[in-house]
Amino acid sequence: MKKQFKLGVIGCGLNSTAILRGVVLSDFIREKKIIVSDKDESKLDNIEYLGVKTTLDNRYVAQNSEYLILAVNEKNFKETIKELEGIRPEKVISVICGISKNEIKNSLGIGVIKVARAVMNLPCSIGSGTVGLDMVDYNKLTDDTEFITNIFDKLGTVVSLEESKLDAVSAISGNSVYPLFLIDSLINAGVKNGLTKGEAKLIATQSVLGIAELIQREEQSIDDILLQNCKNGSPAIESVKVFEDNEFRKLVSDAAEAYISRLKSQKT
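Presented here is a report on the structure given in the accompanying data block. (Residues numbered from 1 in each chain as written. Predicted model: local features only at pLDDT ≥ 70, side-chain atom pairs only at ≥ 80, totals over all residues. Heavy atoms only, no water.)

**Notes on the pairing of strand E6 (residues 114–119)**
Thought 1: In terms of burial, E6 is largely enclosed, as five of its six residues are buried.
Thought 2: Two elements, E6 and strand E7 (residues 129–134), share three bridges in a ladder whose sense is antiparallel. Considered in E7, the bridge of Val-119 is made with Gly-132. (Buried < 20%, exposed > 50% of the residue type's maximum accessible area, 1.4 Å probe, protein only. Helix = DSSP H or I, 4+ residues; strand = E, 2+ residues; numbered from the N terminus. Pairing = 2+ DSSP bridges.)

**Brief notes about the side chain of Asn-58**
Thought 1: Tracing the sequence through the fold places Asn-58 in helix H3 (residues 58–63).
Thought 2: Leave out the neighbours within four places in its chain, and Asn-58 touches Ile-10, Ser-37, Asp-38, Lys-39, Thr-80, Glu-83 and Leu-84. (Contact = heavy atoms within 4.5 Å.)

**Some words on the packing of aromatic side chains**
Thought 1: The final tally for this structure, using the stated rule, is three aromatic pairs.
Thought 2: Their ring planes at 25 degrees and their centres at 4.3 Å tell us that Tyr-67 and Phe-147 sit as a pair that is stacked. Of this pair, Tyr-67 sits in strand E4 (residues 65–70) while Phe-147 is found in helix H6 (residues 142–153), placing the two residues 80 residues apart along the sequence. Across the pair, Phe-147 and Tyr-67 agree in class, each one buried.
Thought 3: When the ring of Phe-243 is compared with that of Phe-248, the centres are 4.7 Å apart and the planes differ by 50 degrees; the resulting orientation is tilted.
Thought 4: Site record: aromatic cluster; members linked through ring pairs are Phe-28, Tyr-67 and Phe-147.
Thought 5: Over the ring of Phe-147 we find Lys-6, and its NZ or CZ is 5.1 Å from the ring centre. (Phe/Tyr/Trp six-rings, centres within 6.5 Å; stacked < 30°, edge-to-face > 60°. Lys NZ or Arg CZ within 6 Å of the ring centre and 35° of its normal.)

**Points about the sheet that holds strand E2 (residues 34–37)**
Thought 1: Spatially, the eight strands line up as an open sheet ordered E3-E2-E1-E4-E5-E6-E7-E8, and their pairing is mixed. Edge strands, defined here as strands with exactly one partner in the open sheet, are strand E3 (53–55) and strand E8 (156–160). Neighbour-to-neighbour, the strand axes of the sheet open up by a mean angle of 20 degrees, direction not taken into account.
Thought 2: Seen against the sheet, helix H5 (residues 101–108) touches E4, strand E5 (91–94), E6 and E7 and runs at an angle of roughly 135 degrees to E6.
Thought 3: Helix-sheet contacts for H6 involve strand E1 (5–10), E4, E5, E6, E7 and E8, and the interaxial angle to E8 is about 140 degrees. (Axes fitted to C-alpha atoms, helices over the stretch in contact; angles between N-to-C directions.)

**Here we look at unusual backbone geometry**
Thought 1: The backbone of Asp-27 sits at a positive phi, close to 65 degrees, despite the residue not being glycine.
Thought 2: A positive phi angle, near 50 degrees, is found at Glu-247, a position not held by glycine.
Thought 3: Looking at the secondary structure, you find Glu-247 in the loop between helix H11 (236–245) and helix H12 (248–267).

**Points about the environment of Met-1**
Thought 1: With respect to the helices, strands and loops of the structure, Met-1 is situated in the segment before E1.
Thought 2: Separated by 65 residues in the primary sequence, Met-1 and Glu-66 have C-alpha atoms spaced 9.6 Å apart.

**Some words on the pairing of E2**
Thought 1: Side chains Ile-34 and Val-36 of E2 all project onto a buried face; the interleaved residues Ile-35 and Ser-37 project onto the opposite face, where all are buried too.
Thought 2: Inspection of the sheet shows E1 paired to E2 by four bridges, in the parallel sense. Paired with Leu-7 across the two strands is Ile-34, which belongs to E2.
Thought 3: Crossover handedness for the path E1 to helix H1 (residues 14–25) to E2: right-handed.
Thought 4: In this region the chain leaves E2, passes through helix H2 (residues 41–46) and returns to the parallel neighbour E3; the handedness of that crossover is right-handed. (Right-handed = clockwise from strand over helix to strand, strands pointing away.)

**Regarding the packing of helix H8 (residues 177–192) against helix H9 (residues 197–217)**
Thought 1: For the pair H8 and H9, interaxial distance at closest approach is 8 Å and the crossing angle is 135 degrees. With respect to their mutual orientation, H8 and H9 come out oblique. H9 is crossed by H8, and the crossing has right-handed handedness. Here H8 contributes Leu-182, Ile-183, Leu-186, Ile-187, Gly-190 and Val-191 to the contact with H9, which in turn contributes Lys-197, Ala-200, Lys-201, Ala-204, Thr-205 and Val-208. (Parallel < 35°, antiparallel > 145°, perpendicular 65-115°, else oblique. Left-handed = near helix turned anticlockwise from the far one by under 90°.)

**Some words on the pattern of salt bridges**
Side chains that carry opposite charge are capable of pairing whenever their charged atoms lie near each other.
Thought 1: Applying the stated rule across the entire model yields 13 salt bridges.
Thought 2: Lys-91 is the partner of Glu-66 in a salt bridge, and the nearest nitrogen-oxygen pair spans 3.3 Å. Taken together, the residues Glu-66 in strand E4 and Lys-91 in strand E5 connect sequence positions 25 residues apart.
Thought 3: Under the relative-accessibility criterion, Glu-66 is labelled partly exposed at 27%.
Thought 4: We note a salt bridge from Glu-238 to Lys-241, for which the minimum N-O separation is 3.7 Å. Separated by three residues within a single helix, Glu-238 and Lys-241 lie in helix H11, roughly one turn from each other.
Thought 5: Among the residues examined, Lys-241 registers a relative accessible area of 43% and is labelled partly exposed. (Salt bridge = Lys/Arg side-chain N within 4 Å of Asp/Glu carboxyl O.)

See the structure below:
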């Protein structure tokens, strides 16, 4: 039976707001074909300008939407699923970090359910993010895979992966603390050496953006780019020595491992 809404979203946090802005402002989906629910009415008020239909009733959204996005907080997952008891959503898209497809299917427990999982990061809110996307359940259904991909295309770069790699995506992308720590440290170093905070912020952020684009465009390895920076007696060699002496790469790797360890412990 044809559903009233093309897209239903349960949960109105940062991720779902980014998705809604992307699909509505790009005219990919007409606002009247979207419905969003949340238990916090103030969150629904925040997306009123998008013109989508809103409700406090999660069951209504699940019953009346062709594609259902689960975007609740992980700690509210079981409570939300309990509300949906007896409902059979056939096409589910989850942006809940740490909840596997099998857990979603087993929790819903009715019929054949296809689940796609997406791991988003904070820059998705401005259309410059990265999305790790598993659509294995939909692989033989071109219309579905194109539709789901187009949802996330509006948020930045989409990388299609199998679910087993999504924890790693979450650790290096969904976890935005690495560039935040780096940029904050560069800003502080700039201020310490005479720049205003505004000057340091502009220079540090543009430098990080620029080197990221250079790495994407160039066929050279990162090691080759490092060598270019350090040749002909460049002072950059002294910065490299400090990083090497303090095992900077290991520090970042350890931070990623700690993130994944915590993520896995929350699943058990």
